[in-house]
Structure formats: C-alpha cells, structure tokens
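Now for the letters of each chain:
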Protein chains: 2
Amino acid sequence: MENDLLKKLGTRIREKRKTLGWTQEDLASTAQIDRSYIGSVERGERNLTFTVLCQICTALDCEVAELTVGILELPQ
Amino acid sequence: MENDLLKKLGTRIREKRKTLGWTQEDLASTAQIDRSYIGSVERGERNLTFTVLCQICTALDCEVAELTVGILELPQ
DNA sequence: CTGTGACTGCTAGTCCGTG
DNA sequence: CCACGGACTAGCAGTCACA
C-alpha cells in the first residue's frame, strides 16, 4: 500500500502502546481486535476505518486528536 | 449503521465546509471523492477510512485533530 | 512477542440517476 | 444544492497458521 500517513499513524499508535508497557496482545484484547490486525496497523499496512481507529484510541485511553496532530502537511 | 461517532464527525465536517462557503460538490472535487459519498459521510452514514478522512481534511485545509478533539468519551 | 501470507464476507467508495 | 436510491468494483475487516 505504501502510504506515509498510515505509517505515521501506525508508528504513533505503537509508541503510545509502548508508553503503557503493553504488548500487541494486550492492546488487541482491550480493543477487541485481532492481534495480527493491530500489528499490521502499526506497520502502516492497513487503511483502517474511523471506527477501528476510535476503538484503538479508546483502548489506549487517548484522544484521536492526540495521534493525529500535525500528521497532515497542510499548505502554509 | 447508526454510529454516534460517525455522526459527530460528519457534522463537524459539514460545519467546517460551510465556514468556507463550499458546496458538497466543491469539497468532493477538491478532495477527489464522489459527491454522493461526501453527503453520506456528513450524515454519518458511512464509516470512512483514514486516508479518505485525510483527503477531506486536506481539502478543507484543516487538521485531522481539529475535527476529532473530544470526539471520544474517555473514562476520566 | 511479533511479522507475514492467505483467505472470505462484507463494506468502502464510484457512478449513474431521481425528486 | 442536497438527500437518497440502485448497481457495481475495489478494498477493508477479521481470522488463522506458521515462522
């Protein structure tokens, strides 16, 4: 797929997860999503939907906005 | 589908679009998305993907974070 | 503990049209 | 200008086995 935005988002999700000291399995079970799916999201391989993003953020106890600030390169 | 999160998001997109004085068609062509799809997103009927959300935000010249702040009801 | 490939059902997203 | 429909294709959600 090769999408920079998805890679950025995935990296941020991973970092947030690690600050909690969680494994992918921990996050997966809390968010009620398959572990391997979480993995592919973190690697930026999946173009996830808004509801899934919300599930992950809720599990991480963090705002969607927190993971998305400055993710776009808007024209000055 | 009946998803409150999608309705909230759709409403915010609509409001942002109107502040620019744009029609759905204006936004659709700028974001390169189908016009009828924009309509259903604004009505909260569609579970859009992250890339499409980014396309819309870019077209609206606004951060993803701006449309998503406080959209989740996180446990205090 | 995580990366990866493969798979199926369903839905995201397009394109046409109507009132 | 927008809501809403039908029909269609591309692609996502969700799962598993195995490394």
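Residues numbered from 1 in each chain as written. Chains lettered and ligands numbered in written order. Predicted model: local features only at pLDDT ≥ 70, side-chain atom pairs only at ≥ 80, totals over all residues. Heavy atoms only, no water.

For chain A, the name recorded in an unreviewed UniProt entry is Helix-turn-helix domain-containing protein, with Duganella alba as its organism.

Asks: Hey, could you go over the overall build of chain A for me, with residue numbers and the actual values?
Replies: Helix and strand counts for chain A stand at 5 helices and 0 strands. Secondary structure of chain A in N-to-C order comes out as α-α-α-α-α. In summary, chain A has a C-alpha radius of gyration of 12 Å against a globular reference of 11 Å for 76 residues, a match within 12%. Projected onto its principal axes, the C-alpha coordinates of chain A cover approximately 40 × 25 × 20 Å. In chain A, which comprises 76 residues, the proportion classed as buried is 47%. Pairs at least 24 apart in sequence give 60% of the contacts found in chain A among residues at least 6 apart. Entry remark: accessible area of chain A is about 4000 Å², with carbon and sulfur atoms responsible for 45%. Charge-centre separation for chain A: the mean point of 10 positive side chains lies 4 Å from the mean point of 12 negative side chains. (Helix = DSSP H or I, 4+ residues; strand = E, 2+ residues; numbered from the N terminus. Rg over C-alpha atoms; globule rule 2.2 N^0.38 Å. Buried < 20%, exposed > 50% of the residue type's maximum accessible area, 1.4 Å probe, protein only. Contact = heavy atoms within 4.5 Å. Areas by Shrake-Rupley, 256 points an atom, 1.4 Å probe, with all protein chains shown as cover. Lys, Arg positive; Asp, Glu negative; His and termini not counted. Charge placed at Lys NZ, Arg CZ, Asp CG, Glu CD.)

Asks: Requested: an account of the interface of chain A and chain B, with residues and values cited.
Replies: Across the boundary between the two partners, chain A contributes 25 residues, which contact 25 residues of chain B. Across the chain A/chain B interface, buried area totals approximately 2100 Å², and carbon plus sulfur atoms make up 69% of it. Its largest share of buried area at the contact with chain B, chain A owes to Phe50, Leu72 and Leu74 of chain A, together 29% of the area lost on that side. Taken together, the connections running from chain A to chain B amount to 12 residue pairs in polar contact (both at pLDDT 80 or more). For the side of chain A that touches chain B, the elements supplying multiple residues, two or more each, are helix 1 (4–19), helix 4 (50–60) and helix 5 (64–68) of chain A. (Buried area = accessible area lost by both parts, 1.4 Å probe. Polar contact = N/O pair within 3.5 Å; in protein donor to acceptor, adjacent residues only side chain to side chain.)

Asks: A description of the relation of the copies chain A and chain B should follow, citing residues and the corresponding values.
Replies: The relation between the two chain copies is a rotation about an axis coupled with a shift along that axis. Superposing chain A onto chain B requires a rotation of 180° together with a translation of 0.0 Å along the rotation axis, leaving an RMSD of 0.2 Å. Classification of the inter-copy transformation places it as that of a two-fold axis. Mapped onto chain B, 100% of the interface residues of chain A again fall at the interface, so both copies present the same surface. (Least-squares fit on C-alpha atoms with pLDDT ≥ 70 in both.)

Asks: I'd like a description of the UniProt feature "domain: HTH cro/C1-type" (unreviewed entry) in chain A, backed by residues and values.
Replies: Mapped onto this structure's residue numbering, the UniProt feature "domain: HTH cro/C1-type" (unreviewed entry) falls at residues 13–67 of chain A. For residues 13–67 of chain A, the end-to-end C-alpha separation is 7 Å, with 69% helix and 0% strand making up the annotated structure. (UniProt positions renumbered as here; feature names shortened; annotations may be inferred.)

Asks: Go over the nonpolar core with me, naming the residues and quoting the values.
Replies: Ranked by size, the top nonpolar core spans 46 residues in total, and within it Leu48 and Ile56 of chain A together with Leu48 and Ile56 of chain B carry the most contacts. At 8 residues, helix 4 of chain A tops the list of elements feeding residues into this core. Not counting the four nearest positions on each side in its chain, leucine 48 of chain B is found in contact with Thr49 and Phe50 of chain A together with Leu6, Leu9, Tyr37, Val41, Leu53 and Ile56 of chain B. (Core = buried A, V, L, I, M, F, W, Y, C linked by side-chain atoms within 4.5 Å.)

Asks: Give me the lowdown on the side chain of serine 40 of chain A, citing residues and values where you can.
Replies: Relative to the helices and strands, serine 40 of chain A is located in helix 3 (residues 35–42). Ignoring any residue separated from it by four or fewer positions in sequence, one finds serine 40 of chain A in contact with Glu45 and Arg46 of chain A.

Asks: Got a sec to walk through helix 3 of chain A? Specific residues and values, please.
Replies: Each α-helix winds once per 3.6 residues, and so residues spaced three or four apart point in a common direction. All names here are of chain A. Looking only at helix 3, the buried set comprises Ile38, Gly39, Ser40, Val41 and Glu42. At its buried positions, helix 3 is contacted by helix 1, helix 2 (24–31) and helix 4. Looking one or two residues beyond helix 3, the residue adopting positive phi is glycine 44, at roughly 75°.

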